[in-house]
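# Structure assessment
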Amino acid sequence: MTQFSPWLASHVETIMLWTGAICTIALFSILYKENKVYRVFEHIFLGLGTGYMVSTNWNDIIYPKLWVPLWDKGEWWLVFVLFAGLFYYFIYSNKFNWLARLVIGFFLGVTSGRAFQEFVNDIWPQVATSFKPLIPHAAVAGPTAGKALVKELTTSGAINNLIFLVILLCVMTYFFFSFEQRHPVIKGASKWGRWLMMFTFGAIFGSTIMGRLALLIDRVDFLLNDFGPQVGGKGVMFALLMGAAVLIVYLVSKSKGQAPEYEA
Amino acid sequence: MNFLTFLQTVDRRFLYAMLLLAVCIPFFYTPEIRVPIQPSTQKMYDEINELKENDFVLFGVDWGAGTRGESRAQTEALMRHCMKKKLRIAIMAIGEPQAKQLTQTIALALQKEYGYEQGVNWVNFGYKADPENYLKAWVQNIPGSIGVDIRGVPVATMPVMKGITTARDIDFMLDITPTSSYESYIKFVQGSFNRKMGVAVTSVMGPEAFNRLDSNQIVGLIVGLQGAVEYEQLLGYKGAATRASISSSFAHLLIIGFIILGNVAMILERRQRARLSMGGTA
């Protein structure tokens, strides 16, 4: 596009910065209250995201992998791939949906076969490393110099392994539904299993807040450091942001006591 | 309304304004910080440091604009390390279409600094859909399954791809991701071809990813913005993560302060109400 317009070529950076800043502020406007500007930009983003995905799938996959070989290089046999892919759409036809079932069945078979490899590579190493030694011991030298056959296990390492084992057994007991958990040991272990999982979920929830804050900081970094020079520096941008925040707080305090607003 | 009730009913927009202030201040005053390095981050650094010049690193990138705050800093820090070590880099996205372009921007910005050239020292394979089925074919014939790079140039003829045919020729793999896309690499590349792999995840994915480190499926792990700060510290430079980490600390302190204040106010108000109901005075 910039090849056609020298003005656009020389201003593309400025346009990008202003667009980024307007989009950021429009999306953050939801923090004040539900509003039409936010809704417009939310839909623009959803549309952009979908459009980008469609264009990437065409440009990176369908065009170079199917279109060019089929039409430009004469690899006619790829037409079978095209038809196999199109068969999926027969799911919408009552008369011909058996054609869709053919390809779905084929890929179900492929996925089932792949599951063996997935289990061996993904789950099995985790199962194997669950068997941890519990008694401290010295390292055992192997045939290769400098490489231990069995690694040393210190007392603290053994305690760590014991904690791991207790947690593993407790959590596994919680998911044991084959019979009613009546025995006090089973019942206690199951209860602890639930608590231990809650600790993990708590850690994950705490991490979520960290992630969201990182996103906010990234946008503030953009507004102050990247976009700031466009309006006279990051100090000016900071003053504008804080001015907007103070104005919002003032408007909110003034509107207190009026009809309740819609909560986003 | 007394002060205790006010503390419990502070409007959320006032809290947002305070949060904005807390996040902005460190951009004007950056104190010198040293963070303790987690063993998982140190392992990642050591593994990349042990690679030899011209070794081939697959840079799996599967993050989008939604996690830019964490993943961009991780990508930049890891790419800097690889370029510093003069390693060959191949960028590939299997989980997020945006990642190819976002990482391309980072690589283009860094290539000038480290004297890298696209096609010679690094390549961007672009985005590949249906990761698991794709990787099954990819591991057997990398140039054949990739075809052309992000610019439409055939990768087979590029100097960066010299000696790279199958997954066995890869010296180290990385996946920077906010999802579990690294599992696809573990299932079809790391596990089958016994390749060393490091993972950089967002903080929310951290607790889950540590299992893989414990089972030696991955050799290094960077978790969230904090992990990126540690990596920047190991590399000896202050990047986006270091800048952001101080804002993050300020914001955390503020949130903790609000939680304590709100709870203390609630407890005191309950006591006050209990006293009143027993006939006492406020």
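Provided above is the structure to which this section pertains.
Residues numbered from 1 in each chain as written. Chains lettered and ligands numbered in written order. Predicted model: local features only at pLDDT ≥ 70, side-chain atom pairs only at ≥ 80, totals over all residues. Heavy atoms only, no water.

### A word on the side chain of B:E269
Residues and elements named next belong to chain B. Along the polypeptide, E269 turns up in helix α11 (residues 240–277). A relative accessible area of 14% means that E269 is categorised as buried. Each residue touching E269, except ones within four places of it in the same chain, is listed here: L4, T5 and Q8. (Helix = DSSP H or I, 4+ residues; strand = E, 2+ residues; numbered from the N terminus. Buried < 20%, exposed > 50% of the residue type's maximum accessible area, 1.4 Å probe, protein only. Contact = heavy atoms within 4.5 Å.)

### Quick look at unusual backbone geometry
Residues and elements named next belong to chain B. Backbone geometry places K86, a non-glycine residue, at a positive phi of 60°. Along the chain, K86 falls in the loop between α4 (68–84) and β2 (88–93). Phi is positive for D130, which is not a glycine, with a value near 50°. Tracing the backbone shows D130 in the loop between β3 (122–127) and α6 (131–138).

### Here we look at the sheet that holds strand β5 (residues 197–201) of chain B
Residue and element names in this part refer to chain B. Across the sheet, which stays open at both edges, the 6 strands sit in the order β3-β2-β1-β4-β5-β6 with parallel pairing between neighbours. Two strands close off the open sheet at either side, each with one partner strand: β3 and β6 (220–223). Along the sheet, successive strands turn relative to each other by an average axial angle of 15°, direction set aside. Relative to β6, β5 is paired through 4 bridges, and the arrangement is parallel. Note that in β6 the partner of V201 across the bridge is V223. (Pairing = 2+ DSSP bridges. Axes fitted to C-alpha atoms, helices over the stretch in contact; angles between N-to-C directions.)

### Describing empty space enclosed by the protein
All told, the structure shown has 1 cavity of 30 Å³ or more when counted by the stated rule. Its volume calculated, the largest cavity comes out at about 80 Å³. Looking at the largest cavity, the residues that line it are A:A214, A:I217, A:D218, A:D221, B:R68, B:G69, B:R72, B:A73, B:L225, B:A240, B:A241 and B:A244. The set of elements that each furnish at least two residues to the lining of the largest cavity consists of α6 (184–227) of chain A together with α4 and α11 of chain B. Partitioning the lining of the largest cavity into residue classes produces 7 nonpolar, 1 polar and 4 charged. (1 Å grid on protein atoms, 1.4 Å probe; cavity = no way out; pocket = protein on both sides within 12 Å on 5 of 7 lines; lining within 4 Å. Points joined across faces, edges and corners; volume = space filled by probe spheres on them. Nonpolar A, V, L, I, M, F, W, Y, C, P; charged D, E, K, R; others polar.)

### Things to note about the interface of chain A and chain B
Bring the parts together and some accessible area is lost; that lost area is often taken as the interface size. On the side of chain B, 58 residues touch chain A, which itself brings 52 residues to the contact. Summed over both partners, the interface of chain A with chain B comes to about 4700 Å²; 61% of that surface belongs to carbon and sulfur atoms. Summed over the shared surface of chain A and chain B, the result is 8 salt bridges. Across the salt bridge formed by A:R114 and B:E132, the nearest N and O atoms sit 3.0 Å from each other. Counting every contact that joins chain A to chain B gives 18 residue pairs in polar contact (both at pLDDT 80 or more). Mapped by element, the contributors of at least two residues to the side of chain A that touches chain B are α2 (36–72), α4 (97–128), α6 and α7 (234–255) of chain A. With 17 residues, the single largest contributor to the side of chain A that touches chain B is α6(A). Among the residues making up the side of chain A that touches chain B, the classes are represented as 27 nonpolar, 11 polar and 14 charged. (Buried area = accessible area lost by both parts, 1.4 Å probe. Salt bridge = Lys/Arg side-chain N within 4 Å of Asp/Glu carboxyl O. Polar contact = N/O pair within 3.5 Å; in protein donor to acceptor, adjacent residues only side chain to side chain.)

### Describing the packing of helix α3 (residues 39–49) of chain B against α4(B)
Residues and elements named next belong to chain B. Between α3 and α4, whose axes approach to 10 Å, the crossing angle comes to 25°. Classified by the interaxial angle, the pair formed by α3 and α4 is roughly parallel. Note on packing geometry: the crossing formed by α3 with α4 is right-handed. Two secondary-structure elements touch here, α3 through M44, Y45, I48 and N49 and α4 through L78, H81 and C82. Tallied by class, the residues present in the contact of α3 with α4 amount to 5 nonpolar, 2 polar and no charged. (Parallel < 35°, antiparallel > 145°, perpendicular 65-115°, else oblique. Left-handed = near helix turned anticlockwise from the far one by under 90°.)

### Digging into the layout of surface pockets
Counted as a void, the second largest pocket has a volume near 2000 Å³. Along the walls of the second largest pocket sit 46 residues, with A:K132, A:F164, B:F210, B:N211 and B:D214 positioned nearest its centre. It is helix α5 (residues 155–174) of chain A that provides the largest number of residues to the lining of the second largest pocket, a total of 9 residues. Here the lining of the second largest pocket is built from residues that sort into 25 nonpolar, 13 polar and 8 charged.

### Focus on the pattern of salt bridges
Across all of its chains, the model carries 20 salt bridges over all chains by this definition. For the salt bridge of A:D122 with B:R212, the shortest nitrogen-to-oxygen distance reads 2.2 Å. With one member in each of two chains, A:D122 in helix α4 and B:R212 in helix α9 (residues 206–214) form a pair that bridges those chains. Assigned by exposure class, A:D122 and B:R212 land together as buried. Note that A:D218 is salt-bridged to B:R72, the shortest N-O span being 3.6 Å. In this pair, A:D218 is assigned in helix α6 and B:R72 in helix α4, connecting two distinct chains. By relative accessible area, which is 7% here, A:D218 ends up buried.

### Some remarks on the pairing of β5(B)
Residues and elements named next belong to chain B. Counting buried positions along β5 yields 5 of 5 residues, so the element is predominantly enclosed. Judged from the 5 bridges that link them, strand β4 (residues 172–177) and β5 form a sheet pairing that is parallel. Looking at the pairing, L174 lines up with G198 of β5. Crossover connection from β4 via helix α8 (residues 182–193) to parallel β5: handedness right-handed. This β-α-β element, β5 to α9 to β6, shows right-handed connectivity. (Right-handed = clockwise from strand over helix to strand, strands pointing away.)

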